[in-house]
Amino acid sequence: MIITQINGGLGNQMFQYAAGRALALRHGVDLALDTRIFDGGTQFGFGLDHFAHAARQGLPAEMPPERRQNRLRYLVWRGLKLKPHLFREHGLSYNAGFDDLGDGVYLKGYWQSERYFKSVEAAIRDDFVITTPPTPENAAILTELAHLPAISLHIRRGDYVKDSRTNATHGTCTLEYYARAVDMIAGTMTDKPVIFTFSDDPVWVRENLVLPYEMRVMEHNDSDHNYEDLRLMSACRHHIIANSSFSWWGAWLNPSPDKLVVSPARWFADPKMLNEDIWPENWSRLEA
């Protein structure tokens, strides 16, 4: 059995699941999810229940001890290297040792690279089919997107702007980045694109983002329905993402081999934080 710790927002949860699922498939064993972090005070909720994923909730007897609950048991587990064996992510880029892991592993990290699960891409795509039916409004937009030359454009603000430490770590993409990215994709299209914008601050988008194309601001889905936005993003023809794991998955889940994806060339504002493996090979990068 493989156990993967699940935490953070929906995009992070999807990376953590995908890495664990790839390892479980390699060994032909179950994948269990450690979701205990959501039992405490966290700004995010567990979001994978909206997908057709193949994991189960880990049982209390299977989980390693939590440091905050029982420090002594935790230290014994770590010190004696008891099962499940901890494999903690070292650095943000792809961890080469991941390929050598066996069964009985507890994964703790973010695992933000397609390289962890590229070999089982088809299975991951099946697992991330959203099974919760769309609301009537979202269903109508999905029907429309099937016939439109649509570009999804994601602007992440929220804690990236309001929290000084988060801003120093991640930063935000400039309006110039979005304008250049739109021009870059539009230049390859025979029809004028329709820009579908997604953001945790749609009012700011309406007041600040000016583009020479039709623009539709998606502001009807709240944070409890973020999977609806993810489904709409993936239904667009092309994608302009922020330095956000959420829009990363919105672009990745589009199965079209003809899609164009533009991403910021730097994922983190902090120059000490580097993940050169965050970008799939065929995605374009622009200075943001």
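These numbers were taken from a predicted model, which means no experiment stands behind them.

### Looking at the environment of Lys272
Mapped onto the elements, Lys272 comes out in the loop between strand S10 (261-264) and strand S11 (284-286). Taking the relative accessible area as the measure of exposure, Lys272 reaches 79% and is therefore exposed. Residues Lys272 and Thr169, 103 residues apart in the sequence, show an inter-C-alpha distance of 9.2 Å.

### Some remarks on unusual backbone geometry
Excluding glycine, residues mostly carry a negative phi; peptide bonds, for their part, are mostly trans. Backbone torsion omega between Lys83 and Pro84 reads -5°, so that peptide bond is classified as cis. Mapped onto the elements of the fold, Pro84 is located in the loop between helix H2 (71-80) and strand S4 (85-88). The phi dihedral of Lys81 is positive, around 55°, even though this residue is not glycine. Here Lys81 shows up in the loop between H2 and S4. The backbone phi angle of Trp111 is positive, close to 55°, even though this residue is not glycine. If you trace the backbone, Trp111 turns up in the loop between strand S5 (105-108) and helix H3 (121-127). A residue is classified by how much of its surface remains accessible, and Trp111, at 0% relative accessible area, is buried.

### Structural notes on the packing of helix H9 (residues 226-234) against helix H10 (residues 245-252)
Taken N-terminus to C-terminus, the directions of H9 and H10 make an angle of 45°; their axes are 7 Å apart at the nearest point. Considering the angle they form, H9 stands oblique to H10. Considering how the two elements wind past one another, H9 and H10 form a crossing that is right-handed. Packed against H9, whose contacting residues are Asn226, Asp229, Leu230, Met233 and Ser234, the element H10 presents Phe246, Ser247, Trp249 and Gly250 at the interface.

### Things to note about the pattern of salt bridges
Under the counting rule described, the total for this entry stands at 17 salt bridges. Across the pair Arg56 and Asp30 runs a salt bridge whose closest N-O atoms are separated by 4.0 Å. Of this pair, Arg56 sits in strand S3 (residues 56-57) while Asp30 sits in the loop between helix H1 (10-27) and strand S2 (31-34), placing them 26 residues apart in sequence. A relative accessible area of 30% means that Arg56 is categorised as partly exposed. A salt bridge links Arg157 to Asp201; the nearest nitrogen and oxygen atoms lie 3.2 Å apart. Pair noted here: Arg157 is in the loop between strand S6 (150-155) and helix H5 (159-162) and Asp201 is in the loop between strand S7 (194-199) and helix H8 (202-208), with a separation of 44 residues, a long-range link. Linked by salt bridges that have partners in common, Glu114, Lys118, Glu121 and Arg125 make up one network.

Thresholds applied
Residues numbered from 1 in each chain as written. Predicted model: local features only at pLDDT ≥ 70, side-chain atom pairs only at ≥ 80, totals over all residues. Heavy atoms only, no water. Helix = DSSP H or I, 4+ residues; strand = E, 2+ residues; numbered from the N terminus. Buried < 20%, exposed > 50% of the residue type's maximum accessible area, 1.4 Å probe, protein only. Axes fitted to C-alpha atoms, helices over the stretch in contact; angles between N-to-C directions. Parallel < 35°, antiparallel > 145°, perpendicular 65-115°, else oblique. Left-handed = near helix turned anticlockwise from the far one by under 90°. Contact = heavy atoms within 4.5 Å. Salt bridge = Lys/Arg side-chain N within 4 Å of Asp/Glu carboxyl O.

From the geometry alone we can't say anything about function, so treat these as descriptive.
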